[in-house]
Amino acid sequence: MSDAKKILVGEDSSIIINLTKSVLAFENYEMKAARNGEKVLELLEKEDFDLILMDLNMPVLGGVECTKMIRALANPIKSNLPIIAITGNINNYTMDEFRKIGFNEFIQKPLDFDKLLATVKNYLC
Amino acid sequence: MKSKKILIVDDNDLNRKLFENLIAQFYTYESAVNGLEAIDYLTKESFDLILMDIQMPELDGFAALRKIQQDELTESPVIAITAYAGESDRNNFLKMGFSHFIIKPIRPKELLEVIRIHLYPTIDHYITSNSTEISDILLDISVISQLMKYNSKEAIKGVFRDFISDTSILLENAELALNQKNEQKLIENLHTLKGNSGTLGANSIYLLAKTTDANIRDKNWIQLKESLEKLKKEKLIFEKYIEEELIFKL
């Protein structure tokens, strides 16, 4: 087992997946991507992660529903993972609503990768 | 871009972090956990705006504002954040000298809008509210320099090539969806395009994608067709630019 931190990214744009991967690799984080919420849940069941980045707008199963489902998982390690929302529509939710859904934080799109890395580091140090 | 500096004053860690998160996307900031710390900052540095929670230990927002006024620590706007909802005394806050007050729970869009109006009072905020400080240029070089921290030039150029071919596919899908009047598909494709172009600093495409997105929501099909055509043209211009841009050749 390597001790590199593992991050699961739920995001449907391959451009953003690729960029995020190189940014996270900068801090030696390992990253796996899932293209929709269902795939996030599948990967999370099979593997262990240290943090989840979750786009809100994904096909099949969106980030909000997916996050609620993760928070309801029986395994306390998985259900309590930090989840950071990525969204282009912050105005759809208040901060309280974000927290109630189960997100620890959110990052606004268009993504600022300095910000993204700083936020992730904050949870993984 | 981030030329304005904001002082965030809030004793609640979670709230403060959320403010920081939002504000950091557009401005630089410092944070203080109570009125005393805020005063300390203001005596040492100058800020363009102060965001002040009212209920705090040590020195609350009211007392901090009085101190600021007595000692003439700043002339910048001070915006009160308060949990007292439905107050009859909006006027009291303003009379005390707060420039504005915002009631919790905070709506991110409202907060950013209020901040912007106070920082840039001369800009007609109706015109610019849809394009918060995003200038209509082909490629935002500051985004590139940020990406260069994490990627080689070759990798970045590769990302842009991917972006261009992705954009072609997204636009084709959008046209198809338009012919089928499939609103959901249209929205999905435009969303991805908006996210990609915004993140990569392809501003002119991003702004057009936003307009197109609005056309879909207004069900303005004629305008939408035009917007998609404009996007296709803009994509070609962008493609040429990426191939010729010197920054990638160095």
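Cut-off values and rules
- Residues numbered from 1 in each chain as written.
- Chains lettered and ligands numbered in written order.
- Predicted model: local features only at pLDDT ≥ 70, side-chain atom pairs only at ≥ 80, totals over all residues.
- Heavy atoms only, no water.
- Helix = DSSP H or I, 4+ residues; strand = E, 2+ residues; numbered from the N terminus.
- Buried < 20%, exposed > 50% of the residue type's maximum accessible area, 1.4 Å probe, protein only.
- Contact = heavy atoms within 4.5 Å.
- Areas by Shrake-Rupley, 256 points an atom, 1.4 Å probe, with all protein chains shown as cover.
- Pairing = 2+ DSSP bridges.
- Axes fitted to C-alpha atoms, helices over the stretch in contact; angles between N-to-C directions.
- Buried area = accessible area lost by both parts, 1.4 Å probe.
- Salt bridge = Lys/Arg side-chain N within 4 Å of Asp/Glu carboxyl O.
- Polar contact = N/O pair within 3.5 Å; in protein donor to acceptor, adjacent residues only side chain to side chain.
- Nonpolar A, V, L, I, M, F, W, Y, C, P; charged D, E, K, R; others polar.
- Parallel < 35°, antiparallel > 145°, perpendicular 65-115°, else oblique.
- Left-handed = near helix turned anticlockwise from the far one by under 90°.
- pLDDT = per-residue confidence, 0-100.
- Core = buried A, V, L, I, M, F, W, Y, C linked by side-chain atoms within 4.5 Å.
- Phe/Tyr/Trp six-rings, centres within 6.5 Å; stacked < 30°, edge-to-face > 60°.

Draft legend 1. Molecular detail of the overall build of chain B. Within chain B one finds 11 helices and 5 strands. Relative to its full complement of 250 residues, chain B shows a buried share of 48%. Counting only contacts in chain B whose residues sit at least 6 apart along the sequence, the fraction spanning at least 24 positions is 61%. For chain B, the accessible area works out to roughly 12,300 Å², and carbon and sulfur atoms hold 51% of it.

Draft legend 2. Quick peek at the sheet that holds strand S1 (residues 5-9) of chain B. All names here are of chain B. With respect to topology, 5 strands assemble into an open sheet ordered S2-S1-S3-S4-S5, the strand pairing being parallel. Edge positions in the sheet fall to strand S2 (28-32) and strand S5 (100-103), since each has one partner strand and no second. The mean inter-strand angle of the sheet, taken between neighbouring strand axes irrespective of direction, is 20 degrees. Taken together, the 4 bridges between strand S4 (residues 78-82) and S5 define a ladder with parallel strand orientation. Note that in S5 the partner of isoleucine 81 across the bridge is isoleucine 102. Its contacts with the sheet put helix H5 (residues 108-119) on S1, strand S3 (49-53), S4 and S5, and the angle it makes with S5 is roughly 175 degrees.

Draft legend 3. Seen up close, the interface of chain B and chain A. In this complex, chain B contributes 34 residues to the contact, which on the side of chain A involves 33 residues. Note on chain B versus chain A: buried area summed over both sides is about 3,100 Å², and carbon and sulfur give 59% of it. The salt bridge involving glutamate 105 of chain A is made with lysine 17 of chain B; its shortest N-O contact spans 3.0 Å. Applying the counting rule to chain B against chain A returns 7 residue pairs in polar contact (both at pLDDT 80 or more). Listed by contribution, the elements that provide at least two residues to the side of chain B that touches chain A are helix H1 (13-23), H5, helix H7 (141-150), helix H8 (153-179) and helix H9 (183-200) of chain B. Tallied by class, the residues present in the side of chain B that touches chain A amount to 16 nonpolar, 11 polar and 7 charged.

Draft legend 4. Broad picture of unusual backbone geometry. Residue proline 110 of chain A follows lysine 109 of chain A across a cis peptide bond; omega there is 0 degrees. Topologically, proline 110 of chain A is positioned in the loop between strand S5 (105-108) and helix H6 (113-124). A positive phi is found at valine 60 of chain A, a non-glycine position, where the angle reads about 65 degrees. You can see valine 60 of chain A is positioned in the loop between strand S3 (51-55) and helix H3 (63-71). The class for valine 60 of chain A is exposed, based on a relative accessible area of 63%. Of note, the phi angle at lysine 181 of chain B is positive, near 50 degrees, even though the residue is not glycine.

Draft legend 5. A look at the packing of helix H1 (residues 14-25) of chain A against H6 of chain A. All names here are of chain A. Across the interface, H1 lies against H6 with an axial gap of 10 Å and an inter-helix angle of 55 degrees. One finds that H1 runs oblique with respect to H6. Viewed along their axes, H1 and H6 form a crossing whose handedness is right-handed. Judged by residue contacts, Leu19, Thr20, Val23 and Leu24 of H1 engage Phe113, Leu116, Leu117 and Val120 from H6.

Draft legend 6. The arrangement of the confidence of the model for chain A in detail. Across chain A, the average pLDDT comes to 90, with 97% of residues at or above 70. The lowest-confidence element of chain A is helix H5 (residues 95-101) of chain A, averaging 86 in pLDDT; the highest-confidence one is strand S1 (residues 6-10) of chain A, averaging 97.

Draft legend 7. Region of interest: the sheet that holds strand S4 (residues 83-87) of chain A. Residue and element names in this part refer to chain A. Pairing is parallel in the open sheet, where 5 strands are placed in the order S2-S1-S3-S4-S5. Of all the strands in the sheet, the pair left with one neighbour each is strand S2 (30-34) and S5. For this sheet the average axis-to-axis angle between neighbouring strands, irrespective of direction, equals 20 degrees. Where S3 and S4 come together, 4 bridges link them in parallel fashion. Note that in S4 the partner of methionine 54 across the bridge is alanine 85.

Draft legend 8. Seen up close, the nonpolar core. If you look at the biggest cluster of nonpolar residues, it comprises 51 residues, and the most contacted ones within it are Ile7, Leu53 and Val120 of chain A together with Phe160, Phe163, Leu193 and Phe238 of chain B. Per-element tally for this core: the top contributor is H8 of chain B, with 10 residues. Once you skip the residues sitting within four places of it in the chain, phenylalanine 163 of chain B turns out to touch Ile15 of chain A together with Leu193, Asn196, Ser197, Leu200, Ala202, Ile205 and Phe238 of chain B. The next biggest cluster of nonpolar side chains, apart from the first, holds 43 residues, and it includes Val40, Leu41 and Phe103 of chain A together with Ile79 of chain B.

Draft legend 9. Spatial organisation of the packing of aromatic side chains. Counted according to the given criterion, the structure contains 6 aromatic pairs over all chains. Centroid distance phenylalanine 98 of chain A to phenylalanine 106 of chain A: 4.4 Å. Interplanar angle 15 degrees. Geometry classified as stacked. Phenylalanine 106 of chain A gets classed as buried once you look at its relative accessible area, which sits at 1%. Residues tyrosine 41 of chain B and phenylalanine 47 of chain B carry aromatic rings whose centres are separated by 6.1 Å and whose planes lie at 85 degrees to one another, so their mutual orientation is edge-to-face. Accessibility assignment for this pair places tyrosine 41 of chain B and phenylalanine 47 of chain B in one class, buried.

Draft legend 10. Main features of the confidence of the model for chain B. All names here are of chain B. In the predicted model, chain B carries a mean pLDDT of 84, and the fraction of residues at 70 or more is 88%. Across chain B, element-level confidence peaks in S1 with a mean pLDDT of 96 and bottoms out in helix H6 (residues 125-128) with 34. Overall, residues 123-131 carries pLDDT values under 50, and its contacts beyond four positions in sequence, including any with other chains, amount to 9 contacts. For this predicted complex, the interface confidence score (ipTM) comes to 0.73, while the overall pTM stands at 0.59.

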